[in-house]
Every structure is written in C-alpha cells, then in structure tokens.
Amino acid sequence: MTIKPGEIAIVGAAESTRIGAVPEMSQIMLHADAALNAMADAGLKPSDIDGFACVGPMMPQQLVHYLGITPKWVDGTGVGGCSFMLHVRHAAAAIHAGYCKTVLITHGESGKSRINATPRPPEPQSLQGQFEAPFGPMGPPTLFPIPVLRYMKTYGVTHEQLAQVAVVQREWAGKNPRAAFRDPITIDDVLNSKMIAYPFRLLQCCLVTDGGGALILTSADRAKDFPQKPAYILGSGESAETTMVSQMEDFTSSRAFRVAGPEAFRMSGIKHADVDHLMIYDAFAHLPLYGLEDLGFVGRGEAKDFIWEGNTRPGGKLPLNTNGGGLSYTHTGMYGMFALQESVRQVRGIAPAQVPDVKVSVCHGVGGMFSASGTVVLSNERP
C-alpha cells in the first residue's frame, strides 16, 4: 500500500548545540548531541525510540549502543550528502509498514576539526579510483567543474550570474545568527576571491565545518501528542546515477535530480505553484541552478535569470536556501541534514529568516558529484 500524503510526520528536529568549529567533540559526540537535542524537542527519551538511521562512517550499531537505543528497524543507507533525505523516505515507509513506531535519524561530522574523522579518498579498486583518480582530480572542487563548464557554455551562463548565487545566499545568512558567514558580499567580492578550480572561486565553494543534526519521525496520528508543531511528509523521491561525474548522462542536467524531484511531487500531489519555500543542496554555486531546472521550477537555461532577477532572495517569490546554505551557513561534508532542518523550521514558523505564510517546503539534496539525489516535501497542514 502506498503511503498517503501526510501519513507520517517529523515531530522532533534539532541541530548540534554548536556548529562551525567544535574541536572538543568527536563525530559520535556530535551525533549524540544532536540526537539528545531532537529528543528534547520531541519530549522523548532513548527508550521511546525503536527505529534508527544514520550514514557512515558512523554505523547504526555504534550509535544505538552509544545512545542506549534498542531498535526494531535500522538503516545505514549511504549515498553521500543527500542520505538523510533517503533516510526520511525509508523511515516513513518503515513506520507505514509497522516495522517501528518512532524513528531517530542522526548526523554528526567533524569536517573542519577532523576529530576521529575517517578520510574518504576513492578506493583504488573503485570505479572512481580506476577511471578518474589517475587523471589527477582532487575531490569535489576539481570534479564538479567538469559538468559546470559544459552547462555554462550551453546556456550562456556568465561568471557574474554564477557569482550571484553566492551573493543571494549570503543575504539569507545575514538573517541567521548561527550562520558562519553573515557579512554582505557583492558579485565583485565573489569574482575577486581566490580561484580554487576554474570556474569556482572561494566564495562559490561550500564551507568546511563541524556539526550535526537529528530528526524524529512517527505516524501523523500520534503527532498531536508531541509538544512541537508537526512537519507532515507529503511526498519523497530518490534516485542514483553514477559515482563518476565524467560518466553523467548529460552534463547540463542530473538524471538523479530528474527522477527524485518529480517522484516527490507526484507522491505529494502538489504543483510547483504550491511551493512556498525551497531548499536545494548548495555545496557549490551551480547546484541551485541545476536544481531549479531539473525539478521543473523553471525551463532549461532559465535558472540563471531567475536568480539574477531576485526571485530567490529575501522578498522574492520563491525563497531559496533561507538558512544561508552550504555556502554561508554550514557544511560539514554531508549537508542534507541541515537543509532538512531548515525546511522543518520554516513549516513550523520558527526559522531565523522566517518566510511569511509557509505551508509547503521542498527540500532537495545531492550526493557525491551528482551521483544520487533525494527530495522531501513537507507541510504544516495534513491533507
């Protein structure tokens, strides 16, 4: 049986007490800090949790032992930074199926301080290790430019238009006291910042931070018994393409985006005009452009003008990445949890940069270099 829109709800949501530089906390401690904060938000204790999900390098069995949880259902799905969107989707299905009643999803990452962090270079025997690494790319900043340069050439995207993404994100970050970078920036500031890997300059690349977050899901029928306003899950989608960015089906579009996004819309029964708030994972400045087009908010090649004209900035018709995003808020390495946290805050009406009258928020994530994607549609109204 298909899950009905609004059948499952997020009833607990919190980030770690501190984000940014937290050198005194290991990754498991960041997981636990966020988990305890989310349980406090929902008025629960570890014995109330019977489902658990997290993504490597921490394994579910490590966290449930550390937290004192005895789960009936576990999920260790790891597809990169959007793993948490998939965890939400899988947890909703598990609750619907009766495998568990209350699911905790956690994230913790010492991306900046590297306290007991595990290096994640491509394994020599992996596809990346065999067919991309020998040619010298050094991680995301040198891999993402491969599709971006084709996208810019195909649609005539200027460096100024790509820089505008970072400028608008900073406007939102200026309204968020927890954002790492809050000072306003201009297009000239972006284009004069240090070149990292053409065409990306420093201010077009994500932060590197420490932090964590956690979510608690249960059935909507139980949601009224919790202290906070529920965020009802209307729909979700997921997909994957390839771990090798060089082997993308189309450098100007993500197939994983084109599957996960429309599936979430189909499941939720909403139209684009129903969306009041949007989060698109922004590890680098090009991702909101791809997301706007692949999810169908604008036509092919139109995202650059849509952002340039102010539609996504404060006061615009489609507020985007209102916490400041991975470019200005925080980015531990896997950012999807923080995008979900902002969507929950917006539908609860408690975000630092609260958008007026938000009813529906779409949260869209990417894993790896366009290798996977997950989309979640949230609302403060149960259909």
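The name recorded for the chain in an unreviewed UniProt entry is Thiolase, from Roseomonas nitratireducens.

## Re the overall build of the chain
Summing up its helical and strand segments, the chain has 14 helices and 11 strands in all. By the compact-globule yardstick of 21 Å for 383 residues, the chain fits well, its C-alpha radius of gyration being 19 Å. Along the longest, intermediate and shortest principal axes, the C-alpha atoms of the chain span 55 × 45 × 40 Å. Residue burial in the chain is summarised as follows: out of 383 residues, 60% are buried. Sequence-distant contacts in the chain: of pairs separated by 6 or more residues, those separated by 24 or more amount to 74%. Accessible surface, the chain as shown: approximately 14700 Å² in total, 54% of it carbon and sulfur. In the chain, 32 side chains carry a positive charge and 35 a negative one; their mean positions are 2 Å apart.

## Topic: unusual backbone geometry
A cis amide bond, omega 15°, links glycine 56 with the succeeding residue proline 57. Topologically, proline 57 is positioned in the loop between strand E2 (51-53) and helix H2 (60-67). Here the amide bond leading from tyrosine 198 into proline 199 is cis, since omega sits at 10°, within 30 degrees of zero. Inspection of the secondary structure puts proline 199 in the loop between strand E5 (195-197) and strand E6 (200-201). Even without glycine at this site, arginine 114 takes up a positive phi of about 60°. Considering the arrangement of structural elements, one finds arginine 114 in the loop between strand E4 (103-110) and helix H4 (127-131).

## Some points on empty space enclosed by the protein
In this structure the tally under the stated criterion is two cavities of 30 Å³ or more. By volume, the largest cavity is sized at about 40 Å³. As for the largest cavity, its lining consists of Ile3, Lys4, Pro5, Ile8, Ala92, Ile233, Leu234, Gly235 and Met267. No other element matches strand E8 (residues 231-240), which puts three residues into the lining of the largest cavity. Looking at side-chain class alone, the lining of the largest cavity contains seven nonpolar, one polar and one charged residues. The space that makes up the second largest cavity amounts to roughly 30 Å³. Every residue along the wall of the second largest cavity is listed here: Val165, Val168, Gln169, Ile307, Thr312 and Leu320. Ranked by the residues each element gives to the lining of the second largest cavity, the list is headed by helix H7 (residues 159-173), at three residues. Looking at the lining of the second largest cavity residue by residue, the classes come out as four nonpolar, two polar and no charged.

## Re the nonpolar core
Within soluble globular proteins, side chains that are nonpolar generally end up buried alongside one another. In this structure, Ile10, Ile105, Leu215, Leu217 and Leu292 are the most contacted members of the largest nonpolar core, which totals 96 residues. Setting aside residues up to four positions removed in sequence, isoleucine 105 forms contacts with Ala53, His87, Val88, Ala91, Gly213, Ala214, Leu215, Leu217 and Met337. Membership of the second largest hydrophobic core comes to 26 residues, among which are Ala35, Ala214, Ala220 and Ala223.

Thresholds, definitions, all that
- Residues numbered from 1 in each chain as written.
- Predicted model: local features only at pLDDT ≥ 70, side-chain atom pairs only at ≥ 80, totals over all residues.
- Heavy atoms only, no water.
- Helix = DSSP H or I, 4+ residues; strand = E, 2+ residues; numbered from the N terminus.
- Rg over C-alpha atoms; globule rule 2.2 N^0.38 Å.
- Buried < 20%, exposed > 50% of the residue type's maximum accessible area, 1.4 Å probe, protein only.
- Contact = heavy atoms within 4.5 Å.
- Areas by Shrake-Rupley, 256 points an atom, 1.4 Å probe, with all protein chains shown as cover.
- Lys, Arg positive; Asp, Glu negative; His and termini not counted.
- Charge placed at Lys NZ, Arg CZ, Asp CG, Glu CD.
- 1 Å grid on protein atoms, 1.4 Å probe; cavity = no way out; pocket = protein on both sides within 12 Å on 5 of 7 lines; lining within 4 Å.
- Points joined across faces, edges and corners; volume = space filled by probe spheres on them.
- Nonpolar A, V, L, I, M, F, W, Y, C, P; charged D, E, K, R; others polar.
- Core = buried A, V, L, I, M, F, W, Y, C linked by side-chain atoms within 4.5 Å.

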